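Overview (structure and organization)
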Amino acid sequence: MKDREQMLEDIRQAIQNGKAKGAKKLIEQALEDGLEGQVIIDRCLLKAMDKIAEAFSSDLKFVPDVILASRAMNVATVVVEESMGLEMAKTLGTAVTATVRGDLHDIGLNLVSMMLRNVGFKVYNMGCDVSADALIKKAEEVNADIICMSAMLTTTMPQIQGVIKLLENKGLRNKYCVMIGGAPVTGRYAHRIGADIYTGDAGEAALKAKKWMQENGRCKAVNEYFINGD
Ligand code: B12
């Protein structure tokens, strides 16, 4: 059996090099050998994308490389997610997640969706390039508690505000917690446009969403998340 560090390094390399099938196989093997899903997320998935982002910014990798790595990353995310048994029987609450209209970045969004599932949310991940109308329609249809929006481009960031405005116009603003994030988004911007939660990373997003549910008396089921008091 390969040692743990070597397994992690191989998975990271496979993702960085855009080898989706290879990454999937390596992750399945690592899980079988006892590596925890959370360790794979922290040490492989997040690290691999950091490296890709770095290489992209320094012109060492180009758009096709990034697309391949992104695909591998999304495949890897699904494998880890399934291994963690994240289809929740007990539901802490319901979240609809999407990257806003005109924006094709979905890696951060997928991570946020996974982390939300991890703490007990039922998550409807609508993917990228989602219009304000479609997002609100979905939230209404599934009786969501939280609307999560990701924007990765300065040019698409205003779409978040557009969704909030549309919620206001429809008289629905107070029905939902609006949580936002993405590389160009800041806490200051979130405050200015009237979003409820901003965080810079997926793990913290899930914890803040869970806290919001507790503080706003929105928990749909009394379950272990609250019995444990955390
Ligand atoms: C991968 C990537 C792509 C891929 C996307 C593939 C995919 N399936 O997602 C491709 C190649 C398609 C792409 C295309 C483009 N990209 Co691009 N891309 C990136 C890159 C390298 C990495 C982004 C990423 O996935 N990071 C890893 C994830 C894990 O991080 P993250 O998304 O930031 O998410 C974390 C947090 O932000 C947060 N978070 C994210 N969403 C949310 C949501 C909520 C609710 C919360 C609470 C938190 C949260 O949690 C996440 C995990 O902790 C970045 C560079 C960078 N440093 O960010 C550029 C970058 C975002 N891209 C950029 C640009 C300019 C483009 C293009 C315009 C390039 C072009 N000329 O065609 C196009 C635009 C396409 C479009 N219409 O969207 C610029 C944006 C600049 C700007 N300020 O607007 C960046 C910053 C690169 C750069 N330095 O110039 N890109």
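Residues numbered from 1 in each chain as written. Predicted model: local features only at pLDDT ≥ 70, side-chain atom pairs only at ≥ 80, totals over all residues. Heavy atoms only, no water.

For the protein, the name recorded in an unreviewed UniProt entry is Cobalamin-dependent protein, with Brotonthovivens ammoniilytica as its organism.

1. Details of the environment of I180
Selection criterion: In this text, helices come from DSSP runs of H or I with a minimum length of four residues, and strands from runs of E with a minimum of two, each type numbered from the N-terminal end. For each residue, the accessible area found with a 1.4 Å probe, counting protein chains only, is set against the maximum for its type, and the residue is called buried under 20%, exposed over 50%, and partly exposed in between. Only heavy atoms matter for contacts: two residues are in contact if any of them lie within 4.5 Å across the pair.
Topologically, I180 is positioned in strand β4 (residues 177-181). Owing to a relative accessible area of 3%, I180 belongs among the buried residues under this scheme. Once the C-alpha coordinates of I180 and D3 are considered, the two residues, 177 residues apart in sequence, prove to be 39 Å apart. Beyond its immediate chain neighbours, meaning those up to four positions away, I180 contacts M149, I160, V185, Y189, A190, I193, A195, I197, Y198 and T199.

2. Observations concerning unusual backbone geometry
The backbone of D59 shows a phi angle near 60°, a positive value even though the residue is not glycine. With respect to the element layout, D59 can be found in the loop between α3 (37-57) and α4 (63-83). Of the residues examined, D59 reaches a relative accessible area of 55% and is grouped as exposed. At D129, a residue that is not glycine, the phi angle is positive and equals roughly 60°. Take D129: it is sitting in the loop between β2 (121-125) and α6 (132-141). With relative accessibility at 32%, the residue D129 sits in the partly exposed group.

3. Structural notes on the coordination of the cobalt atom of the ligand
This is how it is decided: Listed donor atoms are N, O and S within 2.8 Å of the metal (Na, K and Ca: 3.2 Å). As water is not included, a site may look incomplete.
Counting protein donors around the cobalt atom of the ligand gives one, H105 (NE2), at 2.3 Å. When you line up the elements, H105 lands in the loop between β1 (93-99) and α5 (107-118).

4. Concerning the packing of helix α1 (residues 4-16) against α3
Applicable threshold: Between the N-to-C directions of two axes lies an angle of 0 to 180 degrees, each axis being a line fitted to C-alpha atoms and, for a helix, fitted only over the stretch in contact. Every angle not falling under 35 degrees, over 145, or within 65 to 115 is termed oblique; those three ranges are roughly parallel, roughly antiparallel and roughly perpendicular. Note on convention: near helix rotated counterclockwise from far helix by under a right angle means a left-handed crossing. Clockwise means right-handed. Under the grouping applied here, Gly and all other residues not named as nonpolar or charged are polar, the nonpolar ones being Ala, Val, Leu, Ile, Met, Phe, Trp, Tyr, Cys and Pro and the charged ones Asp, Glu, Lys and Arg.
Where α1 contacts α3, the two axes come as close as 9 Å, and the packing angle between them is 40°. Taken together, α1 and α3 sit at an angle that is classed as oblique. Every pair of crossing elements has a handedness; the one defined by α1 and α3 is right-handed. Along its contact with α1, which presents R4, E5, L8, I11, R12, I15 and Q16, the element α3 presents V39, R43, C44, L45, K47, A48, K51 and I52. Classifying every residue of the contact of α1 with α3 gives eight nonpolar, one polar and six charged.

5. Points about the environment of L166
You can see L166 is positioned in helix α7 (residues 158-169). Exposure remark for L166: the relative accessible area of 22% places this residue in the partly exposed category. The sequence separation of L166 and I136 amounts to 30 residues, and the corresponding C-alpha distance is 8.5 Å. The contact partners of L166, leaving out residues within four places of it in the chain, are A132, D133 and I136.

6. Quick word on α1
Note the following rule: Given a helix with a known number of residues, its expected span is that number minus one, times 1.5 Å. By the criterion applied in these results, polar contacts are pairs of N or O atoms within 3.5 Å in which, for protein atoms, one can donate a hydrogen and the other can accept it, and in which residues neighboring in sequence qualify only through two side-chain atoms.
Between its first and last C-alpha atoms α1 spans 19 Å; for 13 residues at 1.5 Å apiece the expected length is 18 Å, and the two agree. By the burial criterion, the buried members of α1 are M7, L8, I11, R12, A14, I15 and Q16. The backbone nitrogen of E5 lies 3.3 Å from a side-chain oxygen of the residue at the head of α1, namely D3. Positive backbone phi, approximately 75°, marks G18, located one or two places after α1.

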